[in-house]
Amino acid sequence: MRNAVLSLSILAVAAAGPALSQDAAPIGYPDGYRAWHHIKSMVIQPGHPLFDPFGGLHHIYANDAARAGLESGNYANGAIFVFDLLEAKAADNAVTEGPRKLLGVMQKDTGRFAATGGWGFEAFAGDSRDKRLVTDGGKSCFACHEQRKQQDYVFATWRE
């Protein structure tokens, strides 16, 4: 449960924070991320403290560099995590994906994002590839991630 809450905090802060600092180029939309390594999924249901506004079905994806970092504990520049938040549709004793609420991105680049622990943060609204939700250069996202400094600011963990 703690990992689930912490993982959701990644997205919560990314979405709640407002766009990019003046000196960092925007993080691009992560094309093809659904073919990356699927790290985990979870459903946030009514009654959970993060249900409003993050209720729904969550999938975490990692590119090859991020997966290697999860296994070794060392993240190289180019590591990217994607946090896909979709509405959860419950019917006939099953929970299925509904429309996308937002797509959060965490990208390692120690040169570009030195002020936020070497990680850049972005969130895209719904299915948009250009409507950005992070407007403070990722500072509000990083404020939550600081508690995971010993894990290079990453909430996710590797599980065989």
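Note that the structure is predicted; figures quoted are calculated from it, not measured.

Thresholds applied
Residues numbered from 1 in each chain as written. Predicted model: local features only at pLDDT ≥ 70, side-chain atom pairs only at ≥ 80, totals over all residues. Heavy atoms only, no water. Helix = DSSP H or I, 4+ residues; strand = E, 2+ residues; numbered from the N terminus. Buried < 20%, exposed > 50% of the residue type's maximum accessible area, 1.4 Å probe, protein only. Contact = heavy atoms within 4.5 Å. Core = buried A, V, L, I, M, F, W, Y, C linked by side-chain atoms within 4.5 Å. Phe/Tyr/Trp six-rings, centres within 6.5 Å; stacked < 30°, edge-to-face > 60°. Polar contact = N/O pair within 3.5 Å; in protein donor to acceptor, adjacent residues only side chain to side chain.

Asker: Can you break down the environment of Asn 63 residue by residue, with the values?
Answerer: Note on placement: Asn 63 falls in the loop between β2 (56–62) and α3 (64–72). Judged by its relative accessible area of 13%, Asn 63 is buried. As a C-alpha pair, Asn 63 and Trp 36 span 27 residues in sequence and 5.3 Å in three-dimensional space. Filtering out sequence-adjacent residues up to four positions away, Asn 63 remains in contact with Trp 36, His 37, Gly 78, Ala 79 and Ile 80.

Asker: So what's going on with the nonpolar core? Which residues, and what values?
Answerer: Core analysis: the biggest nonpolar cluster contains 22 residues, and Leu 70, Tyr 75, Phe 81, Met 106, Trp 119, Phe 121 and Val 154 have the highest contact counts within it. Looking at this core, the elements with two or more residues in it are β2, α3, β3 (80–91), β4 (94–108), β5 (119–125) and α4 (139–145). By size, the runner-up hydrophobic cluster in this structure holds 10 residues, among which are Ile 27, Val 82, Phe 113 and Phe 124.

Asker: How would you summarise the packing of aromatic side chains if you had to cite specific residues and measurements?
Answerer: Each aromatic ring pair is described using two quantities: the centre-to-centre distance and the angle formed by the ring planes. Tallying each qualifying case throughout the model produces six aromatic pairs. A ring pair is formed by Phe 81 and Trp 119, whose centres lie 6.1 Å apart and whose planes are at 40°; its orientation type is tilted. Remark: Trp 119 occurs in strand β5 and Phe 81 occurs in strand β3; sequence separation between them is 38 residues. Trp 119 gets classed as buried once you look at its relative accessible area, which sits at 0%. Of the aromatic side chains, those joined through ring pairs into one cluster are Tyr 75, Phe 81 and Trp 119.

Asker: Kindly report on the side chain of Asp 84, identifying the contributing residues and their values.
Answerer: As for its placement among the helices and strands, Asp 84 is situated in strand β3. The class for Asp 84 is buried, based on a relative accessible area of 0%. A distance of 3.0 Å separates a polar atom in the side chain of Asp 84 from a polar atom in the side chain of Tyr 33. For Asp 84, the contacting residues outside a window of four places in its chain are Tyr 33, Arg 34, Leu 57, His 58, His 59, Tyr 61, Arg 100, Leu 102 and Leu 103.

Remember that the coordinates give geometry; whether it matters functionally is a separate question.
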